[in-house]
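Examining the three-dimensional arrangement
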Amino acid sequence: QIMKIVDSPITTIPFLLRAILNELKNNGNFEKLNDCIETFSHIDSEAELYEQILNNAEEVFSQVDFKGALLSIAVSLRGLKESSILDLTKMAPLYWSQIYSAFSEYLISYNGFVLFCSSQLKEFVLQRYAERIKDVRNAILEVLDEQNLYEKGEMAYHYWMMHRYSELNGLL
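Report on the accompanying structure.

Some thoughts on the overall build of the protein chain
Looking only at helices and strands, one finds 11 helices and three strands in the protein chain. Listed N to C, the secondary structure of the protein chain is α-α-α-α-α-β-α-α-β-β-α-α-α-α in terms of helices and strands. Taking all 172 residues of the protein chain together, the buried fraction comes to 43%. Within the protein chain, counting contacts between residues at least 6 apart in sequence, those at least 24 apart form 61% of the total. When the accessible surface of the protein chain is split by element, carbon and sulfur atoms take 53% of a total near 9,600 Å².

Right, here's the structure in full:
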């Protein structure tokens, strides 16, 4: 089992090896461990790995807005507060903590803001869920408070990204 993982060409990159091991830890129950190792040992690219990680997570977290949670973090300028993620996704804190725990290798919390630590995974999330970006940006604008200086900057960023210049001008 160990050699199947080690012999995979993608495991020469330490971050990707850690990602595979994290996935085995999160999703590889004993009965399915061989199948899980087999799946990950045949992955040849970083994109394939991220696709498999997101496929697994979408299956595990199918009852909540997992995609919206990741996408809201990905489209943010410098991350979002956990309370904003919960407001955006209408998710119970228990579910968010499970997602955060499962993605602990890919997310960091910095000064109270959650953001991706892997720019490649962030870009993959943006591409995979591209059809929802506009809706998520609009939802972010509804949740943020323009009286808060940080959130005002985040709002300005989303107005600019959506070419809503009159609202951006009004905000400034």
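Picking up after the structure, the text goes on.
Focus: the pairing of strand 3 (residues 113-116)
Relative to strand 3, strand 1 (residues 80-81) is paired through two bridges, and the arrangement is antiparallel. Each residue of the ladder has a partner; that of Leu-80, found in strand 3, is Val-114. When strand 2 (residues 107-110) meets strand 3, the two strands line up antiparallel, connected through four bridges. Each residue of the ladder has a partner; that of Leu-107, found in strand 3, is Phe-116. In textbook terms, the turn of a hairpin is the stretch between consecutive antiparallel strands, and for strand 2 and strand 3 this stretch comprises two residues, one of which, Asn-111, has a positive phi near 55 degrees.

Points about the pattern of salt bridges
Taken as a whole and judged by the stated rule, the model has four salt bridges. For Glu-58, the salt bridge is made with Arg-128, and the minimal N-O distance between the two is 3.1 Å. In this pair, Glu-58 is assigned in helix 4 (residues 46-60) and Arg-128 in helix 8 (residues 119-128), connecting sequence segments 70 residues apart. What makes Arg-128 partly exposed here is its relative accessible area of 24%.

Side note on the packing of aromatic side chains
Within the structure shown, the criterion is met by five aromatic pairs. Between the aromatic rings of Tyr-50 and Phe-124, the centroid separation amounts to 6.1 Å while the plane-to-plane angle is 50 degrees, which identifies the pairing as tilted. In this pair, Tyr-50 sits in helix 4 while Phe-124 sits in helix 8, placing the two residues 74 residues apart along the sequence. In this structure, Tyr-50 and Phe-124 share a single accessibility class: buried. Aromatic side chains Phe-103 and Tyr-106 sit 5.4 Å apart centroid to centroid with 65 degrees between the ring planes, which places their arrangement in the edge-to-face category.

With respect to the packing of helix 5 (residues 66-75) against helix 8
Between helix 5 and helix 8, the shortest axis-to-axis distance is 9 Å and the interhelical angle comes to 115 degrees. The element helix 5 and its partner helix 8 pack so that their crossing is left-handed. Of helix 8, the residues touching helix 5 (which contributes Leu-70, Leu-71, Ala-74 and Val-75) are Lys-122, Val-125 and Leu-126. Each residue belonging to the contact of helix 5 with helix 8 can be placed in one class, and the counts come to six nonpolar, no polar and one charged.

Concerning the nonpolar core
Leu-54, Phe-66, Leu-71, Trp-96, Phe-103, Phe-116 and Val-125 are the most contacted members of the largest nonpolar core, which totals 44 residues. Residue contributions to this core peak at seven residues, all from helix 5. Setting aside anything within four residues of it in sequence, one finds Leu-54 in contact with Phe-66, Leu-70, Phe-103, Phe-124, Val-125, Arg-128 and Tyr-129.

Scoring rules and cut-offs
Residues numbered from 1 in each chain as written. Predicted model: local features only at pLDDT ≥ 70, side-chain atom pairs only at ≥ 80, totals over all residues. Heavy atoms only, no water. Helix = DSSP H or I, 4+ residues; strand = E, 2+ residues; numbered from the N terminus. Buried < 20%, exposed > 50% of the residue type's maximum accessible area, 1.4 Å probe, protein only. Contact = heavy atoms within 4.5 Å. Areas by Shrake-Rupley, 256 points an atom, 1.4 Å probe, with all protein chains shown as cover. Pairing = 2+ DSSP bridges. Salt bridge = Lys/Arg side-chain N within 4 Å of Asp/Glu carboxyl O. Phe/Tyr/Trp six-rings, centres within 6.5 Å; stacked < 30°, edge-to-face > 60°. Axes fitted to C-alpha atoms, helices over the stretch in contact; angles between N-to-C directions. Left-handed = near helix turned anticlockwise from the far one by under 90°. Nonpolar A, V, L, I, M, F, W, Y, C, P; charged D, E, K, R; others polar. Core = buried A, V, L, I, M, F, W, Y, C linked by side-chain atoms within 4.5 Å.

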